[in-house]
Amino acid sequence: QVHLVESGGGLVQVGGSLSLSCAVSGRTFSEHSMAWFRRAPGKDRDIVAAINWRGTSTYYADSVKGRFTISRDNARETVSLQMNSLKPEDTAVYYCALDDSGLKITTPQALGIMRSYDYWGQGTQVTVSS
């Protein structure tokens, strides 16, 4: 069984920081690209950031470039999202997802376009208030 468990969500003030983590089990973690998605109230789910299996390539949505950083620790089988300079529009449920295509993704473009993020966690709520 594949399990993804997010943690670290909470309430922060505008301009503050928050770090999210996702623990992965049921797959050989180092062989899979990972991503963070979010869904704000009344909006579609959007990809936020992604990282390939070796951590050598990353993708970021334009809305979070320069503010968010995705990273992975293959030894601990976790993927993280460091969020800085938070804005009210960052308020959303954040999900981590695992790419189960088996492909060795090497480019940021591919990480952002792939539709093979097949496994998802339950999400963690991030609320940014003024």
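All of the points below concern the structure found in this document. (Residues numbered from 1 in each chain as written. Predicted model: local features only at pLDDT ≥ 70, side-chain atom pairs only at ≥ 80, totals over all residues. Heavy atoms only, no water.)

1. Quick word on the overall build of the protein
Point 1. Tallying secondary structure elements over the protein gives one helix and 11 strands in all.
Point 2. Put simply, the protein runs from its N terminus to its C terminus through helices and strands in the order β-β-β-β-β-β-β-β-β-α-β-β.
Point 3. Across its three principal axes, the protein shows a C-alpha extent of roughly 40 × 30 × 25 Å.
Point 4. Split into buried and exposed, the 130 residues of the protein put 41% on the buried side.
Point 5. Of all intrachain contacts in the protein linking residues separated by at least 6 positions in sequence, the fraction that spans at least 24 positions is 61%.
Point 6. Surface accessibility of the protein: about 6700 Å² in total, with carbon and sulfur atoms responsible for 46%. (Helix = DSSP H or I, 4+ residues; strand = E, 2+ residues; numbered from the N terminus. Buried < 20%, exposed > 50% of the residue type's maximum accessible area, 1.4 Å probe, protein only. Contact = heavy atoms within 4.5 Å. Areas by Shrake-Rupley, 256 points an atom, 1.4 Å probe, with all protein chains shown as cover.)

2. Some points on the side chain of aspartate 90
Point 1. Checked against the element boundaries, aspartate 90 lands in the loop between β8 (78-83) and β9 (92-99).
Point 2. Look at aspartate 90 and you get buried, because its relative accessible area is 0%.
Point 3. A polar side-chain atom of aspartate 90 sits 2.9 Å from a polar atom in the side chain of arginine 38.
Point 4. Excluding residues within four positions of it along the chain, aspartate 90 makes contact with Arg38, Arg67, Phe68, Ser85, Val126 and Val128. (Polar contact = N/O pair within 3.5 Å; in protein donor to acceptor, adjacent residues only side chain to side chain.)

3. Structural notes on the pattern of salt bridges
Pairs can form between side chains of opposite charge once their charged atoms are near each other.
Point 1. The tally for this structure, following the rule as stated, stands at five salt bridges.
Point 2. Measuring nitrogen to oxygen at the nearest pair gives 3.3 Å for the salt bridge that ties lysine 65 to aspartate 62.
Point 3. Between arginine 67 and aspartate 90 there is a salt bridge whose closest N-O contact spans 2.7 Å. In this pair, arginine 67 sits in the loop between β6 (58-60) and β7 (68-73) while aspartate 90 sits in the loop between β8 and β9, placing the two residues 23 residues apart along the sequence. (Salt bridge = Lys/Arg side-chain N within 4 Å of Asp/Glu carboxyl O.)

4. Structural notes on the sheet that holds β8
Point 1. Taken in spatial order, the four strands of this open sheet run β1-β3-β8-β7, and their pairing is antiparallel. A single partner strand is all that each edge strand has here, and the edge strands are β1 (3-7) and β7. Here the average twist between neighbouring strands, direction ignored, is 15 degrees. (Pairing = 2+ DSSP bridges. Axes fitted to C-alpha atoms, helices over the stretch in contact; angles between N-to-C directions.)

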